[in-house]
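Chain by chain, the residues:
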Amino acid sequence: MMHRRALAAVSSLFFVAFAATQASAADVNIYTSRQPDLIQPVLDAFTKETGLSTATIFIDKGLEERIKAEGANSPADLIMTVDIGRLDAAKQAGVVQPVDSEVLATNIPEKFRDREKDWFALTTRARVVYASRDRVDVDQISYKELADPKWKGRLCTRSGQHQYNIALIAAYIAHYGEDAAREWVTGLRDNLARRPEGGDREQAKAIYAGECDIALGNTYYVGKMATDEREPEQKEWAAAIRVVMPTFDNGLTHVNVSGVSLAKNAPHAENAIRLMEFLSGDEAQKIYAELNYEYPVEPGIETSELVKSFGELKPDTLSLDDIARHRAKASEIVDEVDYDGGPQS
């Protein structure tokens, strides 16, 4: 009988070979950690304009390892993912290559491009406070205030180790230092109404159910919930909350990105770069804004009316590189204070 590990390895190789065969028929092959339905509208628009087909393979975890395992025969042309941490991880893993494009340089502001041209942001999103419409009467709040004991038993979040929260904690370290960040995360832990669980949408659901009064969440989830026809109960979750833009001492709000990189061994590099340039242009940026409720990176493209209702976003000027640099320490702090263990006092 084949050893269990050997069997798993054979199964993994079979899946890689099968996926590669499926993807090889497309003009651009995309490995993505983004839910396919979030990016399909822009891919459809690209195909309509250029006639080039796309194929997506959704990989939530182990994307870099997957491409490394495939090596020079990898069918991956593009990596599309979320969070500066994942973009930086792909770069550090050596599975991407730089792109020198005048179109990308023109459409995407410098602060949203890797200095060595290994990744390019396509959208931004803010890490904000979801506040109960019925039980919370505040229009302004700082990130620091979330650790104030006045919120004890009233805060909900997803896991502290989730990339969205790690990025926020990393930004806090960059602003205030490691000791202050450790104290802050401890305060957040002690204000939790329950152990961290679920995603950002589940935090809104918890507020709707009266389990907590405030939560951390990304802006675009509010738009997705408010317009969800497949699960209309999510409209009730969205109606139960309002967005409050928290700020650091500089009066600015933490933002993160979704982005794209050209795979190191892209078999259709020319087509892939063409798609990258399309994604940074007017049509795709408008689709991102209207259908995904994200903030476009291309200057001059307006957000959707729903996103405008959240109030003015004043993005933090902290560089994405600085956030990436502090991610490891942020993760350590989450474990040190046992954040995911829930409130301890």
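What counts, and at which threshold
- Residues numbered from 1 in each chain as written.
- Predicted model: local features only at pLDDT ≥ 70, side-chain atom pairs only at ≥ 80, totals over all residues.
- Heavy atoms only, no water.
- Phe/Tyr/Trp six-rings, centres within 6.5 Å; stacked < 30°, edge-to-face > 60°.
- Helix = DSSP H or I, 4+ residues; strand = E, 2+ residues; numbered from the N terminus.
- Buried < 20%, exposed > 50% of the residue type's maximum accessible area, 1.4 Å probe, protein only.
- Arc of directions from axis to C-beta.
- Disulfide = S-S within 2.5 Å.
- pLDDT = per-residue confidence, 0-100.
- Contact = heavy atoms within 4.5 Å.
- Core = buried A, V, L, I, M, F, W, Y, C linked by side-chain atoms within 4.5 Å.
- Pairing = 2+ DSSP bridges.
- Lys, Arg positive; Asp, Glu negative; His and termini not counted.
- Salt bridge = Lys/Arg side-chain N within 4 Å of Asp/Glu carboxyl O.
- Polar contact = N/O pair within 3.5 Å; in protein donor to acceptor, adjacent residues only side chain to side chain.
- Axes fitted to C-alpha atoms, helices over the stretch in contact; angles between N-to-C directions.
- Parallel < 35°, antiparallel > 145°, perpendicular 65-115°, else oblique.
- Left-handed = near helix turned anticlockwise from the far one by under 90°.
- Nonpolar A, V, L, I, M, F, W, Y, C, P; charged D, E, K, R; others polar.

*Asks:* Looking at this model, I keep getting lost on the packing of aromatic side chains. Mind explaining?
*Replies:* The description of two aromatic rings rests on the distance between their centres and on the angle between their planes. Going through the model one piece at a time under the given rule, you end up with 6 aromatic pairs. Between Tyr-143 and Phe-248 the ring centres are 4.6 Å apart and the planes differ by 35°, which places this aromatic pair in the tilted class. Of this pair, Tyr-143 sits in the loop between strand 6 (141-142) and strand 7 (155-156) while Phe-248 sits in the loop between strand 10 (246-247) and strand 11 (255-263), and the two are 105 residues apart along the sequence. Classification of Tyr-143 by relative accessible area gives buried; the value is 1%. Members of the aromatic cluster, connected to one another through ring pairs, are Tyr-143, Tyr-172, Tyr-176, Trp-184 and Phe-248.

*Asks:* How should I be thinking about helix 11 (residues 269-279) in this particular structure?
*Replies:* The α-helix advances 3.6 residues per turn, and as a result positions three or four apart in sequence lie on the same side. Within helix 11 the residues assigned to the buried category are Ala-272, Leu-275, Met-276, Phe-278 and Leu-279. Buried residues along helix 11 cover an arc of 160° about the axis, so they all sit on one side.

*Asks:* Quick question: what am I supposed to make of the state of the cysteines here?
*Replies:* Among covalent bonds in proteins, the disulfide is the one between the sulfur atoms of two cysteines. All chains considered together, the criterion is met by 1 disulfide. Between the sulfur atoms of Cys-156 and its disulfide mate Cys-212 the distance is 2.2 Å. Disulfide Cys-156-Cys-212: torsion about the S-S bond near -120°, hence left-handed. Of this pair, Cys-156 sits in strand 7 while Cys-212 sits in the loop between helix 8 (200-208) and strand 8 (214-218); the two residues are 56 residues apart in sequence, bridging distant segments of the chain. Using a relative accessible area of 0% as the deciding quantity, one classes Cys-156 as buried.

*Asks:* Would you mind going over the confidence of the model for the chain with me for this structure?
*Replies:* Atomic detail in the predicted coordinates should be set aside for any region of low pLDDT. Of the residues in the chain, 93% reach a pLDDT of 70 or more, and the chain-wide mean stands at 92. Confidence drops under pLDDT 50 across residues 1-23; counting only partners more than four residues distant or on other chains, this segment forms 12 contacts.

*Asks:* For this particular structure, what's the right way to read the nonpolar core?
*Replies:* Soluble, globular proteins show a tendency: their nonpolar side chains are buried together. Ranked by size, the top nonpolar core spans 80 residues in total, and within it Leu-78, Trp-184, Leu-275 and Leu-279 carry the most contacts. Those residues in contact with Trp-184 that sit more than four places away from it in its chain are Tyr-143, Lys-144, Ala-147, Leu-168, Ile-169 and Tyr-172. Membership of the second largest hydrophobic core comes to 26 residues, among which are Ala-204, Trp-237, Ile-241 and Met-245.

*Asks:* Explanation requested: the pairing of strand 1 (residues 28-32) in the structure shown.
*Replies:* When a strand is regular, its side chains alternate between the sheet's two faces. Most of strand 1 sits out of view: 5 of its 5 residues are buried. Along strand 1, one buried face is formed by Val-28, Ile-30 and Thr-32 and the opposite face, lined by Asn-29 and Tyr-31, is buried too. Where strand 1 and strand 2 (residues 54-58) come together, 5 bridges link them in parallel fashion. Note on strand 2: the bridge partner recorded for Tyr-31 is Ile-57.

*Asks:* Please clarify how the side chain of Asp-316 should be interpreted in this entry.
*Replies:* Among the secondary structure elements, Asp-316 is positioned in the loop between helix 13 (305-308) and helix 14 (320-325). No salt bridge is formed by the buried Asp-316; the nearest opposite charge belongs to Lys-111, separated by 9.3 Å. A distance of 3.0 Å separates polar atoms of two side chains, one belonging to Asp-316 and the other to Asn-250. Apart from residues lying up to four places away in sequence, Asp-316 is in contact with His-175, Phe-248, Asn-250, Leu-252, Thr-253 and His-254.

*Asks:* Please clarify how the packing of helix 8 against helix 9 (residues 219-226) should be interpreted in this entry.
*Replies:* Two quantities define a packed helix pair, namely the angle between the helix axes and the distance between the axes. Their axes nearest at 9 Å, the elements helix 8 and helix 9 cross at an angle of 65°. By the angle between their axes, helix 8 is roughly perpendicular relative to helix 9. The crossing of helix 8 and helix 9 is right-handed. Residues Asp-200, Arg-201 and Ala-204 of helix 8 form the contact with helix 9, whose own contacting residues are Tyr-221, Lys-224 and Met-225. Taken together, the residues of the contact of helix 8 with helix 9 break down into 3 nonpolar, no polar and 3 charged.

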